[in-house]
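Observations on the three-dimensional arrangement
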Amino acid sequence: MIKITNTHFTQCVLASAVMAVASTALAQNCVTATNPVHEYEGRATYYYYYGYQYNAVGSGEYIGNFYATTSLAQTAPNHWESVDNCELQPQAPTLSAVTVSVSDNEVTVSGSASDADNDLEKVVLQYNGTGAVEVTPNSSGNWNHVTSDHPTGENFTVKAKAVDAAGLESAWSNEQTYNVGVPQECNSADLDLAQIEAAVPYINANAPGLNSYIVRHCNQIVSENYFGEHNATMSHQLQSATKTISAILIGIAMDKGFIPNDLNTPLSDLLPDYAHLLTGSKAEITLWNVLTMTTGLSWNDFDVPSDFQKLKETVNTDSVEFILSRAHDSRYSKPKGQFFYNTGSSHLLSAIIHYNTPGTTLEFAEEHLFTPLGITGDYSWLTTLDGINAGGWDSFMLPRDFNKLGQMLLDEGQWQGQQIVSQTYVDQMTAAQVQKDSSASWYGFQMWIETDYGTQDLAGARGWGNQDTLVLENEDMVVTFTGDIDQTAASDNYAEVKKIMQDYVTPAHVVNGGSGGGGGNGGSCVTATNAEHESAGRAYSYSNYYYATGSAAYLGAGGGISVSLTQTASGYWQIAANGCD
């Protein structure tokens, strides 16, 4: 459960982010064609009223019947208007990627713009959805704006558009949320390295099924260990931890405008070629349901012969159709909205990337995730027999690269100053969204949220046999394990990893001379119900689950639960372990 306010900035470190620009530019494309051709190519729609009647997409303008020839100009994404002809249509400016950088309390927004008509005039910025700040680009179209007006510890949003002398405008860049964080320096002295290293002889003696053990603290690998025949240059299968990669890619696709930035988007809108399979109750399945395994779809992952094995080895025509057409079986499903483990859902995430972005899911990951994180070594990602990268299994990478994914999530979606995926999405991805039965395990977006591993704030990418990257936000640590996947060793690994986390890793985090985990009760402390905390801004809720503002510590389900919260920084609240005494 990663905190909402971005307080992982160090005093002298620049935190930056690239804000995606809508994928369809506003240059006025103009096409002259018959109305049926316009309809076929997505510029017009038709309705039947004494013959086919056509309207332009977006404007809704009536453009004639079946036999008419019309010139349509594009003036906005998915917005077409009729023009007299397609000659000398003015071109709207285009806006390249917008970069947002935060250093201490100073925010710099920069980018570039261009205009085919050479009449680019200005770039308009909008902070927090109101007002307008105008910036004049230089002769090359580059521009920037620096401000210190945003209060420390508070979120702000920003978007931009380019405007030319004729008043034509580019699309707004995708609005993203940022934060002028409270500078906090991760202190390496807070870690008892000897305690971390003490786990190594324990693993050698008691956990022969584990292949690697890596601990990163303050964004530095402080312990890297391999066992048996394994070493740092050997790629390892991630098993179901692949699911977390698929979820990250969904967030990136949303940020970059490839799919709607709305978790309530119906699955049928994301996979329209399969809408005929998403009728009745299935029509209500949303992206959030797919991310949280709450689709209500029937799926057998474990009983032989399993749907998972069929999908992996025998379905050679259409893997998406296979998943969506499963007959309802109450043994292998729960009602929509309730968690039921479903690798088929994870594969649907890869299919969404596959069908809504250029190239394959792997190619999208290489461009937008792997390469920015420096994951350029020995990795691979297998596909189902119909060519879609397996959304829930069969990715391989070096353990230390697997660990990088966790550090990126710990740093609110950033890697070395570049925003890989939005902070808002990461906060949701690593928060407890749904509970697994009545256990201490919860589920986020394709991540396990564990509350009994020695810390209350662990979000994990987890695969069979403990292919684990565990993100410990309170301790500023990322811990990676890999292990054997044969049945006996894999089963034994789980108990050993939990013991290592409880007895070696989390106790190694020491603050002001005491063991880590809870933190003190300094600053303001308030005991109130969850609903009262939310009303006062100390907490927020999602589907009646409550989290502390800033730390995102889980407070329980229901507004009537009483909790003590202590404020450790502006906009940052965490549970007061000993109450407000």
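Residues numbered from 1 in each chain as written. Predicted model: local features only at pLDDT ≥ 70, side-chain atom pairs only at ≥ 80, totals over all residues. Heavy atoms only, no water.

Concerning the overall build of the chain
A count of helices and strands for the chain gives 14 helices and 36 strands. Within the chain, contacts between residues separated by at least 24 positions form 63% of all contacts whose residues are at least 6 apart in sequence. Per element, the accessible surface of the chain, about 23,600 Å² overall, is 47% carbon and sulfur. (Helix = DSSP H or I, 4+ residues; strand = E, 2+ residues; numbered from the N terminus. Contact = heavy atoms within 4.5 Å. Areas by Shrake-Rupley, 256 points an atom, 1.4 Å probe, with all protein chains shown as cover.)

What to know about helix α9 (residues 343-356)
Over its 14 residues, α9 extends 20 Å from the first C-alpha to the last, a length consistent with the 20 Å expected when each residue adds 1.5 Å. Of all 14 residues making up α9, 12 are buried, and the element is well covered by its neighbours. Inspection of α9 places T343, G344, S345, S346, H347, L348, L349, S350, A351, I352, I353 and H354 among the buried residues, and these make up the whole buried set. Looking at the buried side of α9, the elements it contacts are α4 (242-255), α5 (267-270), α6 (287-292), α7 (307-313), α8 (319-324) and α10 (361-370). (Expected span 1.5 Å × (residues − 1). Buried < 20%, exposed > 50% of the residue type's maximum accessible area, 1.4 Å probe, protein only.)

What about the packing of aromatic side chains?
Evaluated as defined, the whole model comprises 15 aromatic pairs. With a centroid separation of 6.3 Å and an interplanar angle of 20 degrees, the aromatic rings of Y341 and W448 are classed as stacked. Taken together, the residues Y341 in the loop between α8 and α9 and W448 in strand β25 (residues 448-450) connect sequence positions 107 residues apart. Both residues of the pair, Y341 and W448, count as buried. Each ring, one from F370 and one from Y379, has its centre 5.1 Å from the other, and the planes form 65 degrees; the classification is edge-to-face. The ring of W172 has K159 lying over it, and the distance from NZ or CZ to the ring centre is 4.7 Å. (Phe/Tyr/Trp six-rings, centres within 6.5 Å; stacked < 30°, edge-to-face > 60°. Lys NZ or Arg CZ within 6 Å of the ring centre and 35° of its normal.)

Focus: α4
Here α4 contains 14 residues, and its C-alpha end-to-end distance of 20 Å stays within 8% of the 20 Å for a straight helix at 1.5 Å per residue. With respect to burial, α4 is a largely interior element, 14 of its 14 residues being buried. Once α4 finishes, G257 follows within two positions and takes phi at roughly 80 degrees, a positive value.

Things to note about the environment of K404
You can see K404 is positioned in helix α11 (residues 399-410). According to the relative accessible area criterion, K404 is buried, its value standing at 15%. Polar side-chain contacts of K404 include one of 3.2 Å to the backbone oxygen of L373. (Polar contact = N/O pair within 3.5 Å; in protein donor to acceptor, adjacent residues only side chain to side chain.)

So, the nonpolar core
In this structure, I250, L287, L369 and Y425 are the most contacted members of the largest nonpolar core, which totals 74 residues. Broken down by element, the residue count for this core peaks at eight residues, all from α4. Residue contacts for Y425: discarding those within four places in its chain leaves A247, I250, G251, M254, L263, L291 and F445. In terms of nonpolar packing, the next biggest core, distinct from the first, is built from 24 residues, V215, L470, L472 and A508 among them. (Core = buried A, V, L, I, M, F, W, Y, C linked by side-chain atoms within 4.5 Å.)

Examining the pattern of salt bridges
Overall, the coordinates contain 11 salt bridges when judged by the stated rule. Linking K498 and D452 is a salt bridge whose minimum nitrogen-to-oxygen distance equals 2.9 Å. Within this pair, whereas K498 is found in helix α13 (residues 487-505), its partner D452 is found in the loop between β25 and β26 (458-463), the two being separated by 46 residues in sequence. Classification of K498 by relative accessible area gives partly exposed; the value is 26%. Salt-bridge contacts for R462 lead to D468; the nearest nitrogen and oxygen are separated by 2.9 Å. For D468, a relative accessible area of 0% translates into the label buried. Here the salt bridges do not stand alone but share partners, grouping E450, R462 and D468 into one network. (Salt bridge = Lys/Arg side-chain N within 4 Å of Asp/Glu carboxyl O.)

Observations regarding the sheet that holds strand β2 (residues 30-34)
Reading across from one edge, β2-β6-β7 is the order of the three strands in this open sheet, with antiparallel pairing throughout. At either end of the open sheet lies a strand with only one pairing partner, and these are β2 and β7 (79-83). Taking each pair of neighbouring strands and ignoring which way they run, the sheet shows an average axis angle of 40 degrees. Where strand β6 (residues 69-76) and β7 come together, five bridges link them in antiparallel fashion. (Pairing = 2+ DSSP bridges. Axes fitted to C-alpha atoms, helices over the stretch in contact; angles between N-to-C directions.)

Considering the sheet that holds strand β20 (residues 395-397)
What the three strands build is an open sheet, ordered β18-β20-β19; its pairing is antiparallel. Each edge of the sheet is formed by a strand with only one pairing partner; in this case those strands are β18 (236-237) and β19 (380-381).

Focus on the environment of Q446
In this fold, Q446 is placed in the loop between β24 (441-443) and β25. By relative accessible area, which is 2% here, Q446 ends up buried. Distance from Q446 to S345, taken between C-alpha atoms, is 9.8 Å for residues 101 residues apart in sequence. Other than its neighbours up to four places away in sequence, Q446 contacts K243, T244, A247, V290, L291, T292, M293, S346 and L349. A distance of 2.6 Å separates polar atoms of two side chains, one belonging to Q446 and the other to S346.

Quick look at the confidence of the model for the chain
One rule of thumb: low pLDDT means the predicted coordinates there are not for detailed reading. Scored by pLDDT, the chain comes out at a mean of 83, with 84% of its residues at no less than 70. Ranking the elements of the chain by mean pLDDT puts strand β1 (residues 15-19) last, at 42, and α4 first, at 97. Low pLDDT, under 50, characterises residues 1-27; the predicted model gives this stretch 135 contacts beyond four residues in sequence or across chains. Confidence over residues 512-522 falls short of pLDDT 50; this stretch has 21 contacts with residues more than four positions distant or in other chains. (pLDDT = per-residue confidence, 0-100.)

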